[in-house]
Amino acid sequence: MLEYVVSKFNFWTYVILVGIGLYAMIGKKNLVKKLIGMNIMQSAVILFYVSIGAKKGGATVPIFMGDAHAAHGHGIHEIIDVASYVNPLPHVLMLTAIVVSIATTGVALAALILIFRRYKTLNEDEILKIRREAGV
Amino acid sequence: MIWQLDLIICLFVIICAIAAINVKDLLAAVIILGAYSFFMCLLWTNMGAVDVAFTEASVGAGVGTVLFIAAVNRTKRRSKD
């Protein structure tokens with residue numbers, strides 16, 4: 001049991017980080033804190049995907065290490081050992097996810113500045129109180 | 001993948017995440033979030049995802065921290081929770 005927990009600690013980190021991010025989005029009252037929680041959750045999901053592609057036992061980045069010149073010149077194709085390279089497909093997907101997450105953060109921060117200009121506070125309870133008193 | 005390094009960086013990532021949501025000062029929280037992003041970047045380099053790592057280091061940690069600091073600068077720095 002202990003060995004199983006230790007050998008999968010990337011996934012345990014993912015579980016703990018999603019918990020922390022979810023708690024920050026639900027439990028914290030400040031809007032910037034909620035946004036920080038959203039960022040933590042996004043990078044936790046990215047960590048999960050990259051961990052799927054990773055391999056143990058000396059697997060490296062997917063760049064062909066063999067003698068490419070000889071193989072090209074004589075039409076000899078070396079057998080590529082798939083176990084020595086990590087899977088690059090999750091990496092490519094997660095590159096897009098990082099850029100999208102920064103765009104989401106930018107839009108959220110712009111909305112946050114507008115909320116602050118209107119209500120003069122970033123606390124969720126105070127904003128709801130002001131809205132209730134105004135009768136909205 | 002060096003699993004000892006992986007374990008240590010995972011611990012640092014969790015510590016940074018807990019610290020970022022518990023600090024009262026929002027500017028400090030944002031800077032700790034930047035440190036969290038750089039630890040994530042180290043984690044992905046360790047797992048062989050170098051392209052994801054340098055995108056995270058430049059876009060996630062760099063541009064993200066700058067945007068957060070600009071927003072905190074225009075609003076309030078103190079937080080109640």
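Residues numbered from 1 in each chain as written. Chains lettered and ligands numbered in written order. Predicted model: local features only at pLDDT ≥ 70, side-chain atom pairs only at ≥ 80, totals over all residues. Heavy atoms only, no water.

Draft legend 1. Quick look at the overall build of chain B. In terms of helices and strands, chain B carries 3 helices and 0 strands. Along its sequence from the N terminus, chain B presents helices and strands in the succession α-α-α. Seen along its three principal axes, the alpha-carbon backbone of chain B occupies a region of about 40 × 20 × 10 Å. A separation of at least 24 residues holds for 63% of the contacts in chain B among residues at least 6 apart in sequence. Computed over 6 positive and 5 negative side-chain charges, the separation of the two mean positions in chain B equals 21 Å. (Helix = DSSP H or I, 4+ residues; strand = E, 2+ residues; numbered from the N terminus. Contact = heavy atoms within 4.5 Å. Lys, Arg positive; Asp, Glu negative; His and termini not counted. Charge placed at Lys NZ, Arg CZ, Asp CG, Glu CD.)

Draft legend 2. Up close: a nonpolar patch on the surface. All names here are of chain A. On the surface, V45, Y49, L89 and L93 cluster together to form a nonpolar patch covering roughly 360 Å² of accessible area. At the level of elements, α3 (31-53) and α5 (89-119) are the ones that each hand at least two residues to the nonpolar patch. Tracing the backbone through its elements, the reader meets Y49 in helix α3. (Patch = residues over 30% accessible without salt bridge, like charges linked within 9 Å, V, L, I, M, F, W, Y side chains within 5 Å. Areas by Shrake-Rupley, 256 points an atom, 1.4 Å probe, with all protein chains shown as cover. Salt bridge = Lys/Arg side-chain N within 4 Å of Asp/Glu carboxyl O.)

Draft legend 3. Focus on the nonpolar core. Within the largest apolar cluster, 49 residues are counted, with the highest numbers of intra-cluster contacts made by L17(A), I36(A), Y36(B) and W44(B). Within the residue set of this core, elements represented by two or more residues are α2 (9-27), α3 and α5 of chain A together with α1 (3-22), α2 (26-46) and α3 (50-74) of chain B. Ignoring anything within four residues of it in the chain, the contact list for L17(A) reads I40(A), A44(A), L47(A), V13(B), I14(B), A17(B), Y36(B) and M40(B). (Core = buried A, V, L, I, M, F, W, Y, C linked by side-chain atoms within 4.5 Å. Buried < 20%, exposed > 50% of the residue type's maximum accessible area, 1.4 Å probe, protein only.)

Draft legend 4. Inspection of the confidence of the model for chain A at higher detail. Averaged over all residues, the pLDDT of chain A equals 86, while 88% of them reach at least 70. The lowest-confidence element of chain A is helix α4 (residues 68-74) of chain A, averaging 55 in pLDDT; the highest-confidence one is α5(A), averaging 94. (pLDDT = per-residue confidence, 0-100.)

Draft legend 5. The arrangement of the state of the cysteines in detail. Residue and element names in this part refer to chain B. As enumerated under the stated definition, the model contains 0 disulfides over all chains in all. Note on C16: no disulfide assigned, nearest cysteine sulfur contributed by C10 at a separation of 12 Å. Residue C16 is classed as buried on the basis of its relative accessible area of 11%. C16 supplies the cysteine sulfur nearest to C41, a cysteine that is in no disulfide, at a spacing of 13 Å. (Disulfide = S-S within 2.5 Å.)

Draft legend 6. The interface of chain A and chain B, seen in detail. Contact residues are listed per partner, giving 41 residues for chain A and 43 residues for chain B. In this assembly, chain A packs against chain B so that about 3800 Å² is buried in total across both faces, 76% of it on carbon and sulfur atoms. The interface formed by chain A and chain B holds 1 salt bridge in total. For E126(A), the salt bridge goes to K80(B), with nearest N and O atoms at 2.6 Å. Viewed at the interface, chain B and chain A are joined by 9 residue pairs in polar contact (both at pLDDT 80 or more). Of all elements in the fold, only α2, α3 and α5 of chain A reach the threshold of two or more residues within the side of chain A that touches chain B. (Buried area = accessible area lost by both parts, 1.4 Å probe. Polar contact = N/O pair within 3.5 Å; in protein donor to acceptor, adjacent residues only side chain to side chain.)

Draft legend 7. Up close: the packing of aromatic side chains. Under the defined criterion, the tally for this structure stands at 4 aromatic pairs over all chains. Summarising the aromatic geometry, the rings of F12(B) and F39(B) are spaced 5.1 Å apart at their centres and angled 5 degrees between planes, so their arrangement reads as stacked. You can see F12(B) sitting in helix α1 and its partner F39(B) sitting in helix α2, a full 27 residues away along the chain. Judged by relative accessible area, F12(B) falls into the partly exposed class, the value being 40%. Pairwise contacts between aromatic rings join F11(A), Y14(A), F48(A) and Y49(A) into one cluster. (Phe/Tyr/Trp six-rings, centres within 6.5 Å; stacked < 30°, edge-to-face > 60°.)

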